[in-house]
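Now for the letters of each chain:
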Amino acid sequence: MKEFKGKVAVVTGGANGIGHALAQEAAKREMKVVIADIDKEGLDRVESEFKGLNADFMTVYMDVTEYSDMEMLAKKTIDKYGQVDILFNNAGVVVPGSIWELPLNDIDYIMQSNLYSILYGLKVFVPIMEKQDTDCHIVNTASVAGLLSTAGMPTYHMTKFGNIGLSESINYQLQEKGSKIKMSVFCPGFIQTDLHHCDDRRPEKFKIDWEDPYYQSEEYKNGLKRAHHVITTGIPIDSVGMSVFQAIEDEQFYILTHPQYLPIIGMRVKNVLDMKNPDVNFFK
Ligand SMILES: NC(=O)c1ccc[n+]([C@@H]2O[C@H](COP(=O)([O-])OP(=O)(O)OC[C@H]3O[C@@H](n4cnc5c(N)ncnc54)[C@H](O)[C@@H]3O)[C@@H](O)[C@H]2O)c1
């Protein structure tokens, strides 16, 4: 897709961080923007900001872990704008902690927020785009954590590796059909966003059980500290919107942000090909 003016972009997780940057870039390119999020205050902030920008936009309060909310988002988009041209399947969360310590509810929270949400977005929006039969694009936000793995956040890796496998498979299927829908999978490294505060915006059904021993543990406290550190020392967000839109123009599938991870991804792939065992010292 090369022309954006007047077309319609839907962004999940658009009230903060990467989604917000994508929504801003879409508005800058004179797209009509649908900004979906579970953060009511964030959506209010975006309302005043986008009014100030004179943008054509709509905010939708929804929860990406609910399939019916994704259907409602699509319906509101079509009711207001009659079409959808770009879907940014972007909302996501991070929960550190080992799977034997982390309450099952938190594992469900991360699976549904990071993986089922992507699947729901595809399941609802692909048929709409197919029916339109116009040039469309879908960007699934995964992470570099879907291309290499580390200790400490296995559930996050599980969802991000899953996201990339899902995106690749759907992309093959669309190619086989000769579809006009193009796809990208966005795999950023650390970026300065509000991701380390995601617990403040959990859906009610996934509220933290503070009585659970995990939430009194050093593992939890250290995980939080580390998440805070890596996000606040990540790259600035300023160029993210522009580079993702450039990738859409170039029909680039894999979008990466941090060149320093490329040799590590290469080493991981080489290990697989050489059938060499993963070593915990690999990243040190
Ligand atoms: N920031 C990074 O360093 C980084 C690195 C790699 C990947 N990512 C990925 O980027 C995506 C966006 O994260 P971010 O860093 O911009 O974080 P963020 O917390 O700043 O933004 C995420 C947005 O998603 C929304 N959201 C969360 N759960 C939701 C739900 N159930 N329904 C609707 N909206 C929901 C939040 O309210 C928030 O506005 C995530 O998928 C994340 O995993 C981020």
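Criteria and thresholds
- Residues numbered from 1 in each chain as written.
- Predicted model: local features only at pLDDT ≥ 70, side-chain atom pairs only at ≥ 80, totals over all residues.
- Heavy atoms only, no water.
- Pairing = 2+ DSSP bridges.
- Helix = DSSP H or I, 4+ residues; strand = E, 2+ residues; numbered from the N terminus.
- Axes fitted to C-alpha atoms, helices over the stretch in contact; angles between N-to-C directions.
- Contact = heavy atoms within 4.5 Å.
- Near = heavy atom within 4 Å.
- Polar contact = N/O pair within 3.5 Å; in protein donor to acceptor, adjacent residues only side chain to side chain.
- Areas by Shrake-Rupley, 256 points an atom, 1.4 Å probe, with all protein chains shown as cover.
- Nonpolar A, V, L, I, M, F, W, Y, C, P; charged D, E, K, R; others polar.
- Patch = residues over 30% accessible without salt bridge, like charges linked within 9 Å, V, L, I, M, F, W, Y side chains within 5 Å.
- Salt bridge = Lys/Arg side-chain N within 4 Å of Asp/Glu carboxyl O.
- Buried < 20%, exposed > 50% of the residue type's maximum accessible area, 1.4 Å probe, protein only.

(A) Structural context of the sheet that holds strand E5 (residues 136–141). The seven strands lie next to each other as E3-E2-E1-E4-E5-E6-E7, forming an open sheet whose pairing is parallel. The sheet is open, and its two borders are formed by strand E3 (57–61) and strand E7 (254–256), each paired with just one other strand. When the angles between neighbouring strand axes are averaged without regard to direction, this sheet yields 15 degrees. Relative to E7, strand E6 (residues 181–187) runs parallel, the two sharing three bridges. Of the residues in E7, the one forming a bridge with Phe 186 is Ile 255. Against the sheet, helix H3 (residues 67–81) engages strand E1 (8–12), strand E2 (32–37), E3 and strand E4 (86–89), with an angle of about 160 degrees to E3.

(B) How the structure looks around the site of the ligand. Surveying the vicinity of the ligand reveals 29 residues, the closest of which are Ile 18, Asp 37, Tyr 156, Ile 191 and Thr 193. Asn 16 is positioned such that a nitrogen or oxygen atom in its side chain is 2.8 Å from an oxygen atom of the ligand. Within the side chain of Lys 160, one N or O atom sits 2.9 Å away from an oxygen atom of the ligand. Burial of the ligand by the protein chains amounts to 99% of its free accessible area of 820 Å². When residues of the shell around the ligand are traced back to their parent elements, those giving at least two are helix H1 (17–28) and helix H5 (154–177). Split by residue class, the shell around the ligand holds 13 nonpolar, 10 polar and six charged.

(C) Structural context of a nonpolar patch on the surface. Taken together, the side chains of Tyr 254, Leu 256 and Leu 262 present a nonpolar region at the surface, about 260 Å² in accessible area. Its place among the elements puts Leu 256 in strand E7.

(D) Expanded view of unusual backbone geometry. At Asn 54, a position not held by glycine, the phi torsion is positive, near 60 degrees. Within the secondary structure, Asn 54 sits in the loop between helix H2 (40–52) and E3. Even without glycine at this site, Met 275 takes up a positive phi of about 55 degrees. If you trace the backbone, Met 275 turns up in the segment after helix H8 (262–273). Since its relative accessible area comes to 76%, Met 275 is described here as exposed.

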